[in-house]
Structures are given as structure tokens and as C-alpha cells.
There are 2 protein chains.
Amino acid sequence: MIKTQIPDVIVGRLPRYLRALKILRENHTTTNSKELGELLGFSAAQIRKDLSQFGEFGKQGTGYNIDFLIERLQNILNIDQDWGILLVGVGKIGRAILNYPGFSANRFHVKAAVDCNPDVIGERFEKCTVEDIKDIKKIIKDNQIKIAMLAVPAENAQKIAEELVADGIQAILNYAPAILSLPPEIRVEYSDPLVSLQHMTYYL
Amino acid sequence: MIKTQIPDVIVGRLPRYLRALKILRENHTTTNSKELGELLGFSAAQIRKDLSQFGEFGKQGTGYNIDFLIERLQNILNIDQDWGILLVGVGKIGRAILNYPGFSANRFHVKAAVDCNPDVIGERFEKCTVEDIKDIKKIIKDNQIKIAMLAVPAENAQKIAEELVADGIQAILNYAPAILSLPPEIRVEYSDPLVSLQHMTYYL
């Protein structure tokens, strides 16, 4: 499969292309690498090069058909299907995740939420009722969940992440300010504002 | 200066190196590219190559002195100083930002918060009292703020971002689910869980 051949940094840009295309779709049916580049802050050459990794999407001179490109990118990213998510940790960040409408609008559905705090277990949210973290093995299996969002204190993150992986989780979006050390086949993405800030100050 | 010569993707990895080094420091005084790589999920070769961009940090065979490397990376990233931050938008995400202790523990200080909602303006938080968004020009100037966190609805993000830039902001951490189109010299980082999720599903 092409999965191993495409550099991960390019794959990481595709969701941004998708978001830009959805904005452009409101007023246009076609676009081109120059217009996309201006919206995204990338060069037109970069965009042509990135997209060429996945096949022929546009024609010289006429540009890209937006609907077609959106459909292809969604297919490439495997987001032309629904995904269930397990939320681990229902503190401040966990609550913001449960209340955020943007996930299910994009076919990511929080199927279950767990916590270890007895005061929180049993609390009802629109999407689910908080369950006991002790039951995650069964919850993951019953709901066939592959993706977890980890919103626990930093000191518990590694241990819980290892348990999630042992129970079948294949991808973790980590909100805990901790680095996770997991087998290479497990996908980990970090949602860490501090890392973003420290990246920007390099240029200031 | 070296700023323009180092690829941004490498700069973006330095904050992660820093975090890993701070974890290692708790039990070690030296480390090496293999150990760092295992903690971060990068290859040892990648780490040696990245760090070599910024000078000689370690010796063949003896590895890196952790304190020295932390100090150097903090200096390179310009985080051996305090930074003031303007928070724009005090909704759910804005409140989580105001209550998060991790920023000021790392020398990023929310100096001011603004909103347009009269019910929110005047609300007191430990770090600041919410001010009227109409006054941002003066707030940015008085506090000499260069960094903004944007936590407003998507439909207002571009317009407000343009105003921030006109008022002197040079870097924006964008929590709004919108792509910002700004002059190339303005640094924009996105805190967007959806982009992270859509990146991971490629591999599932």
C-alpha cells in the first residue's frame, strides 16, 4: 500500500487542505494551487507536489474540481466513514471535548467516556454517561473503538496509555502534557498548546 | 541569522525534545540520541541530525549533558524569557486557557483577556479581568504583547485576526476551527483536534 511511502509530514497537511477546500466550496466549484496556497500559507508548488503524491487531481490550466478533491482526500484519510472515540478523563478538558460539536459534525463520535473519580462516574452528558475506568477493556471491545482521547493528569498518562494499547486502542490524541512512549505502530498526536507557543517564539 | 536556514519542521520538534529532556533530568544528568529517540518515537539518527543544525551539543560516546542541552534549546527557542499573552474570547475554551497552570509555569503569562459579550466583560479571573474587545489596540500597546490566543467562533476568526495583526500582534495560537489568511511574517499555529484526528485515521 501507499501508506508507508508517503511522508507523514505530507499526510499531516491533508486535513488542512480539506478544511480550506470546504471553505472555498461555499463560493466556488473549482480552485487551483495558487488560491489554495494563499488560503493556507503554503506555496503553490508545495501544494502541487503534495497532491501529486496521491495521483492526478487536476488539469494544467483548469485547476482542481473542489467536490472531487474533497471526496478523494476524505477517502485517502479514511474519513469517509464514522469513527468511535473513547474519552479517558472527564475533567475540564474532557468536558470541553464532550461539549464540542465539531467532532460529530465530522463523523468522529465520542461513544464512551471514563474516569476514576467516583464523583464523576455516572454523570450524564448528551453523548454518553461517564463510566468507571476499570471497565475500559470491555467498553473498547463492545464499541469496537480504535481511537482514544487522553485527558488525564500528566503523571497518569503513560500508564493509562499502555493499558489502552493493551486493550486494542490504535491511535491516541493526547491532551495530557506528557510524552507517551508506545510501540511504533500506535499513532499518537499531541494537543499541546505549550509546544505550539514554544515553536512560535523561535521566530519572535 | 540562522532563523531562515533551519527548516521549520525541525524547529517544531525542539519543544518536544525539551519536554523529553525535562523528564529525563529527573533521574539522569546525561542522555544520548538513542534514549531521547525512544522517549520521543524518533530515530536516533533523526535526533542527531536535528540537533547538529544548531551546533555541537554532545560528544561521540559520552552523549549530551541534559542541563546544558535544556539551556541551549531554551535559548534557541527564545523561551529563556517571559512572554505576555492576550486571550481573545472568553468562552469555554478561553476559560480552560485562563485556568490552565501550565502556561505561566513555562513563562507564558496571560496578561489580558477580551471578549465582546457584555455579560462576560468585567468578569474576574485570577490572572486578569475580562476587558472589552473594543480596547484591544490599547491593551496590546500598554502590555507590549506580541502573542495572542484566539478562541472565538470560526466565523469571526479571520476578521479579528486581521485586527490583532494591525494592532501589533506577531504570533497567533488559533483555537478557532478556521484557517487564517495573514501576512507571511505572522506566525500562526493551530490547536485543532480535528486535524489531528484526520491525520491519524490515515493509518487506521
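Residues numbered from 1 in each chain as written. Chains lettered and ligands numbered in written order. Predicted model: local features only at pLDDT ≥ 70, side-chain atom pairs only at ≥ 80, totals over all residues. Heavy atoms only, no water.

## Brief notes about the interface of chain A and chain B
Consideration 1: Each partner contributes residues to the interface: chain A has 60 residues there, and chain B has 59 residues.
Consideration 2: Here chain A meets chain B over a buried area of about 5800 Å², counting both sides, of which 68% is carbon and sulfur.
Consideration 3: Among the residues of chain A in contact with chain B, Ile179, Tyr202 and Leu204 of chain A are the three that bury the most area, contributing 15% of the side total.
Consideration 4: At the boundary of chain A with chain B, the tally comes to 20 residue pairs in polar contact (both at pLDDT 80 or more). (Contact = heavy atoms within 4.5 Å. Buried area = accessible area lost by both parts, 1.4 Å probe. Polar contact = N/O pair within 3.5 Å; in protein donor to acceptor, adjacent residues only side chain to side chain.)

## Structural notes on the pattern of salt bridges
Side chains carrying opposite charge are able to pair once their charged atoms draw close together.
Residues and elements named next belong to chain A.
Consideration 1: Considering all chains together, one arrives at 18 salt bridges over all chains under this definition.
Consideration 2: A salt bridge links Arg95 to Glu123, with the shortest nitrogen-to-oxygen separation between them at 2.7 Å. Placement of the pair is Arg95 in helix 5 (residues 92-99) and Glu123 in the loop between strand 5 (108-115) and strand 6 (130-132), with a sequence separation of 28 residues.
Consideration 3: Look at Arg95 and you get partly exposed, because its relative accessible area is 26%. (Salt bridge = Lys/Arg side-chain N within 4 Å of Asp/Glu carboxyl O. Helix = DSSP H or I, 4+ residues; strand = E, 2+ residues; numbered from the N terminus. Buried < 20%, exposed > 50% of the residue type's maximum accessible area, 1.4 Å probe, protein only.)

## Here we look at the domain arrangement of chain A
As a measure of interface size, the accessible area lost when the parts come together is often cited.
Consideration 1: The domains assigned to chain A are domain 1 (2-76) and domain 2 (83-196).
Consideration 2: Just the C-alpha atoms count here: the centres of domain 1 of chain A and domain 2 of chain A sit 30 Å apart. (Domains from an automatic or database assignment.)

## Examining the pairing of strand 5 of chain A
All names here are of chain A.
Consideration 1: Within strand 5, six of the eight residues are buried, leaving the element largely enclosed by the surrounding structure.
Consideration 2: Pairing between strand 4 (residues 83-88) and strand 5: six bridges, direction parallel. By the bridge assignment for strand 5, Leu86 is matched with Ala112.
Consideration 3: Handedness of the β-α-β unit built from strand 4, helix 5 and strand 5 comes out right-handed.
Consideration 4: Taken together, the three bridges between strand 5 and strand 6 define a ladder with parallel strand orientation. For Val114, the partnering residue across the bridge sits in strand 6 and is Glu131. (Pairing = 2+ DSSP bridges. Right-handed = clockwise from strand over helix to strand, strands pointing away.)

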